[in-house]
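# Coordinates in review
Listed below are the residues making up each chain.
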4 protein chains.
Amino acid sequence: MSTKVTQGDLVSLIDENENAYILDTTAQTDHFKGVGVFSPQSLVGLEYGKTFTVGNKEFYVLPVSLPDCLRSLKRKAQIILPKDAADIILHCSITPGKKILEAGIGSGSLTTVLASIVGHEGKVISYDLREDFIKHAVKNLKRTHLDPVVTTKEKDVTQGIDEKDLDAVILDIPNPWDAVGHAYNALAVGGYLCTYSPLISQVEKTVEAIQQHPFIGIRTFESLERDIVVKKQGTRPSFSMLGHSGYLTFARKVLK
Amino acid sequence: MSTKVTQGDLVSLIDENENAYILDTTAQTDHFKGVGVFSPQSLVGLEYGKTFTVGNKEFYVLPVSLPDCLRSLKRKAQIILPKDAADIILHCSITPGKKILEAGIGSGSLTTVLASIVGHEGKVISYDLREDFIKHAVKNLKRTHLDPVVTTKEKDVTQGIDEKDLDAVILDIPNPWDAVGHAYNALAVGGYLCTYSPLISQVEKTVEAIQQHPFIGIRTFESLERDIVVKKQGTRPSFSMLGHSGYLTFARKVLK
Amino acid sequence: MSTKVTQGDLVSLIDENENAYILDTTAQTDHFKGVGVFSPQSLVGLEYGKTFTVGNKEFYVLPVSLPDCLRSLKRKAQIILPKDAADIILHCSITPGKKILEAGIGSGSLTTVLASIVGHEGKVISYDLREDFIKHAVKNLKRTHLDPVVTTKEKDVTQGIDEKDLDAVILDIPNPWDAVGHAYNALAVGGYLCTYSPLISQVEKTVEAIQQHPFIGIRTFESLERDIVVKKQGTRPSFSMLGHSGYLTFARKVLK
Amino acid sequence: MSTKVTQGDLVSLIDENENAYILDTTAQTDHFKGVGVFSPQSLVGLEYGKTFTVGNKEFYVLPVSLPDCLRSLKRKAQIILPKDAADIILHCSITPGKKILEAGIGSGSLTTVLASIVGHEGKVISYDLREDFIKHAVKNLKRTHLDPVVTTKEKDVTQGIDEKDLDAVILDIPNPWDAVGHAYNALAVGGYLCTYSPLISQVEKTVEAIQQHPFIGIRTFESLERDIVVKKQGTRPSFSMLGHSGYLTFARKVLK
């Protein structure tokens, strides 16, 4: 049995290239690529799952999913990719109700994933040095209605962390080693530290800093994702592949 | 400020090789590898984060995390690895409160991840053909107190799915193509189908079956994880690496 | 002690982007990208290893190497990449004096490698269905003076192989399975068959065909190459990476 | 038409697990794993390509190939793998008649490949600090009759290189940066330097040393090889995969 778009719904419009546009049916107007100004209210009453044509473009009308949120996110800074965000969730034990700190916020990509998983009983605190990044990320979060779960601070994480008893601290900054001590202090016992770094030298300095504190389970890895092209004429891996994003390092707080 | 183990807590004991043993402080006796019979009640009053010696083995006493649950899980069947479970979470939009079906249950590894993420407001329904697998997996789930979130059924998913309006259906069976039609019917509009298959021919048959139904965003990929060894003498990738686990295929339900 | 370009030399000009242009000093005129018409004879007397400026472009003057031949090759068809050509050399036991058949010739990329390694005591026979490919490849081979080692035939390898006692047969055609029987007959005892195929289904059909004949050591693999970027600010893998070229299958002829 | 083993032949015996044993038919006795003492002369007259049973083991009788030489090589030190040796051949322009220096010799694995490719008109000079490694490697080379192409020296390559006008210098030592200057001086103009190092810090120091001299085309990469298992029930990548061997760095000598 299908349902219809109701006043107040957040709606995904998905085009044929899998681009996602998230619209709030309470808004009078919005605009999106290839369509221009548009009234989201006109979506009310449409059947979810069916297509909807506006101008000469066709879109599927769907409830909003986490992949939609990530795909519709407007980028300002380099983002943490889904493959790496997924590993962070699992290896940092991010589950509903958890209280997480991340620094920096970037475009809010990892923030979106963290907020979606900790949910309304959880909390994501996000530090960034740059006010413009915070403003941009908050705009992205508001569009997906995840902003109530997130608290942002224009603050340098290497200068200290205000929060205590955090379940995880995730550092995506150029010098994570300078924040490792603060992270240790801010974490609850058994909480997880994660750092994301593109360079080997960053990993080395970070691991060295982590080893100065009572952490266990220190581990660094990289993940590679390769698309498989399945066509009538046959199956093969995609020629196109990302060679590198960043190394993930994990550690868990214990006491001396 | 540290906290102490309280009567009723579920506790992780982590040894120097990162093995995790999950113990219920309400239990009179339990036993685990290298220790033998042991009274979990004796953990009450210990400080979380500190070590505890039993016999000649030393363990860190920690609150239970999702990685602990996965590491302590007793294997009977081949499991879905954390790297693949992580991708399933993200690409199927598994968030708190979602209602998910998986088939088969195997040892309950993916079930553990799904149940941890959907939480107590969510639901995981797990089908398996084999009663012994279900019993074994439920034992694993009971140990980590995730069993209330999971409903198991001794049932062949290729014969039909009882549930409706599911947010995701995840198939880890030898012939996922035979369940694709049932999955389509059981999914809510906008819900995700995921299949996990080691063989290319399985992927091909599955993608072909998916294309017979109104699904969008059909995508197959593989992920590879490589450990990085960071030592005083220098950094290098690990010589040891898993060459393959399975291909993940994703698709999202729309209407004709 | 350095040497100078002598009348009759084949010379490589290498620009700052590592592009290679191979010029014959006996030629009156030649032309190349970004320079236009140019007299190779004017290179005579220049010191090898030093730069030479023509127009506003600077080039290193060097003796011709195998990598230069490959980099200067003009492409018409898809080429076999150096990483795969290198594996073919080693796993087919291509050494000086060997007699090799390849089909098809494509742009002559693999032909260039094979001819360089078998040398003037060896022989490369190259079949292709298309006269235009052969003409184009021969032009490439003449430019690098490798043409005396190569015999080309406008011929369909799936219709039969004229030669006998070949040390290796290398098939880069869409349907290698149709030539496996001919390859078996044309190979010397202990000779190697190699097929290069982008699709899994091609590999499957080829391996099945190979198994119909007395071959041992049947093995298929893929190779991946990832550049490492070493910069002052740190080292990391390149973001840019080719996800796939083709699968290589090898087998060695024995008798029943 | 098949040929028979003749007095004086070097013969490969290949068992069902693809192990290769190289035997000299002029030798009175030899011994090999699973067979024990054996007279190679008894092979004379056997038909190449057919099987031969000794004790309860069956072997294919074949002419010796480069893969056989590598597979039969007795290991004392860590070896350079075929995938890396193949890349060295191509990227260092190793072709018949070339004069190459390598350091160290290890078990003679790369030496075997280099000697096979440069052939009897070429020359491989191999330095090693350790007399025992040289003796062991020479024993391996004698067995495959490649020893006439190779000159060994018990000598520290970081203390200087005697030879001049080398076509390539290949360094597989813990501190290649200390030999880069000597390699530059020993190379002919247009000659190639290659270093093989497992650690990132080694690569960084080496690249820095290379940049102190007039080299062009400086490039570092790693290669990964993944077996594909083709079986009746379907095709998949092998679970077993080597995660890392070493990074290869290449550079080409020019003049200031």
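The following refers to the structure shown. (Residues numbered from 1 in each chain as written. Chains lettered and ligands numbered in written order. Predicted model: local features only at pLDDT ≥ 70, side-chain atom pairs only at ≥ 80, totals over all residues. Heavy atoms only, no water.)

Here we come to the state of the cysteines. As enumerated under the stated definition, the model contains 0 disulfides over all chains in all. Here Cys69(B) stays free of any disulfide, with the sulfur of Cys92(A) as its closest cysteine sulfur at 15 Å. By relative accessible area, which is 6% here, Cys69(B) ends up buried. (Disulfide = S-S within 2.5 Å. Buried < 20%, exposed > 50% of the residue type's maximum accessible area, 1.4 Å probe, protein only.)

Okay, the interface of chain C and chain D next. How big an interface is tends to be stated in terms of accessible area lost as the parts join. Each partner contributes residues to the interface: chain C has 62 residues there, and chain D has 63 residues. Buried area between chain C and chain D, both sides added, is near 4,900 Å², and the carbon and sulfur share of it is 60%. At the junction of chain C and chain D, the tally comes to 8 salt bridges. With its nearest N and O atoms 2.9 Å apart, the salt bridge here joins Asp227(D) to Arg219(C). Those elements giving two or more residues to the side of chain C that touches chain D turn out to be β6 (57–63), α1 (66–72), α2 (82–91), α3 (109–118), β11 (187–197), α6 (200–210), β12 (215–231) and β15 (247–253) of chain C. (Contact = heavy atoms within 4.5 Å. Buried area = accessible area lost by both parts, 1.4 Å probe. Salt bridge = Lys/Arg side-chain N within 4 Å of Asp/Glu carboxyl O. Helix = DSSP H or I, 4+ residues; strand = E, 2+ residues; numbered from the N terminus.)

It is worth spelling out the environment of Ser201(C) at this point. Considering the arrangement of structural elements, one finds Ser201(C) in helix α6. For the pair Ser201(C) and Leu141(C), spaced 60 residues apart in sequence, the C-alpha to C-alpha distance is 33 Å. The contact partners of Ser201(C), leaving out residues within four places of it in the chain, are Gln233(A) and Gly234(A).

So, on to empty space enclosed by the protein. Residues and elements named next belong to chain A. Per the counting criterion, the structure on display carries 11 cavities of 30 Å³ or more. The space that makes up the largest cavity amounts to roughly 80 Å³. Around the largest cavity sit 14 residues that line it, and Ile80, Gly104, Ile105, Leu110 and Asp172 are the ones nearest its centre. Within the residue set of the lining of the largest cavity, elements represented by two or more residues are β7 (99–103) and α3 (109–118). (1 Å grid on protein atoms, 1.4 Å probe; cavity = no way out; pocket = protein on both sides within 12 Å on 5 of 7 lines; lining within 4 Å. Points joined across faces, edges and corners; volume = space filled by probe spheres on them.)

Further remarks concern the packing of helix α2 (residues 82–91) of chain A against helix α2 (residues 82–91) of chain B. It is the contact of α2(A) with α2(B), at a shortest axis distance of 8 Å, that shows an interaxial angle of 110 degrees. Taken as axis vectors, α2(A) and α2(B) run roughly perpendicular relative to one another. Here the hand of the crossing between α2(A) and α2(B) comes out right-handed. Of α2(B), the residues touching α2(A) (which contributes Pro82(A), Lys83(A), Ala85(A), Ala86(A), Asp87(A), Leu90(A) and His91(A)) are Pro82(B), Lys83(B), Ala86(B), Asp87(B), Leu90(B) and His91(B). (Axes fitted to C-alpha atoms, helices over the stretch in contact; angles between N-to-C directions. Parallel < 35°, antiparallel > 145°, perpendicular 65-115°, else oblique. Left-handed = near helix turned anticlockwise from the far one by under 90°.)

Moving on, we come to the environment of Val254(D). Inspection of the secondary structure assignment puts Val254(D) in the segment after β15 (247–253). A relative accessible area of 1% places Val254(D) in the buried class. Separated by 102 residues in sequence, Val254(D) and Thr152(D) place their C-alpha atoms 28 Å apart. Sequence-distant contacts of Val254(D), that is, excluding residues within four places in its chain, are made with Gly49(C), Tyr60(C), Leu62(C), Tyr184(D), Pro214(D), Phe215(D) and Ile216(D).

For the rest of this paragraph, the subject is the sheet that holds strand β5 (residues 51–54) of chain D. Residues and elements named next belong to chain D. With antiparallel pairing, 4 strands are arranged side by side in an open sheet as β2-β1-β6-β5. Of all strands in the sheet, those bounded by a partner on one side alone are β2 (20–24) and β5. Averaged over all neighbouring strand pairs, the angle between strand axes comes to 35 degrees, with direction disregarded. Where strand β1 (residues 10–14) and strand β6 (residues 57–63) come together, 4 bridges link them in antiparallel fashion. By the bridge assignment for β6, Ile14 is matched with Tyr60. (Pairing = 2+ DSSP bridges.)

With that settled, the discussion passes to the packing of aromatic side chains. Each aromatic ring pair is specified by the distance between its two centres and by the angle formed by the two planes. In total, this model carries 16 aromatic pairs over all chains according to the counting rule given. Between the aromatic rings of Phe221(B) and Phe250(B), the centroid separation amounts to 5.7 Å while the plane-to-plane angle is 25 degrees, which identifies the pairing as stacked. Of the two residues, Phe221(B) sits in strand β12 (residues 215–231) while Phe250(B) sits in strand β15 (residues 247–253), which places them 29 residues apart along the sequence. Accessibility classification places Phe221(B) together with Phe250(B) in one group, the buried group. Positioned above the aromatic ring of Tyr184(A), the side-chain terminus of Lys253(A) is 4.3 Å from the ring centre. (Phe/Tyr/Trp six-rings, centres within 6.5 Å; stacked < 30°, edge-to-face > 60°. Lys NZ or Arg CZ within 6 Å of the ring centre and 35° of its normal.)

Let us look at the sheet that holds strand β1 (residues 10–14) of chain B. All names here are of chain B. What the 4 strands build is an open sheet, ordered β2-β1-β6-β5; its pairing is antiparallel. Where the open sheet ends on each side, the last strands, each with one partner, are β2 (20–24) and β5 (51–54). The mean angle between the axes of side-by-side strands here comes to 35 degrees, regardless of whether they run parallel or antiparallel.

Structural alignment of chain C on chain D gives an RMSD of 0.0 Å, achieved by rotating through 180 degrees and translating 0.0 Å along the axis. Expressed as an axis order, the relation between the two copies is that of a two-fold axis. Most of the interface of chain C is mirrored in chain D, where 100% of its interface residues are also at the interface. (Least-squares fit on C-alpha atoms with pLDDT ≥ 70 in both.)

What follows covers the side chain of Arg236(C). With respect to the helices, strands and loops of the structure, Arg236(C) is situated in strand β13 (residues 234–237). Of the buried charged residues, Arg236(C) lacks a salt bridge, with Asp227(C) as the closest side chain of opposite charge at 9.9 Å. (Lys, Arg positive; Asp, Glu negative; His and termini not counted.)

Note: strand β12 (residues 215–231) of chain A against strand β15 (residues 247–253) of chain A, 5 bridges, orientation antiparallel. Among the inter-strand pairings, Ile216(A) is bridged to a residue of β15(A), identified as Arg252(A). One ladder, built from 9 bridges, connects β12(A) with β12(B); its direction is antiparallel. Bridge pairing in β12(B) links Thr220(A) to Ile228(B). As paired elements, β12(A) and strand β13 (residues 234–237) of chain A share 4 bridges and run antiparallel to each other.

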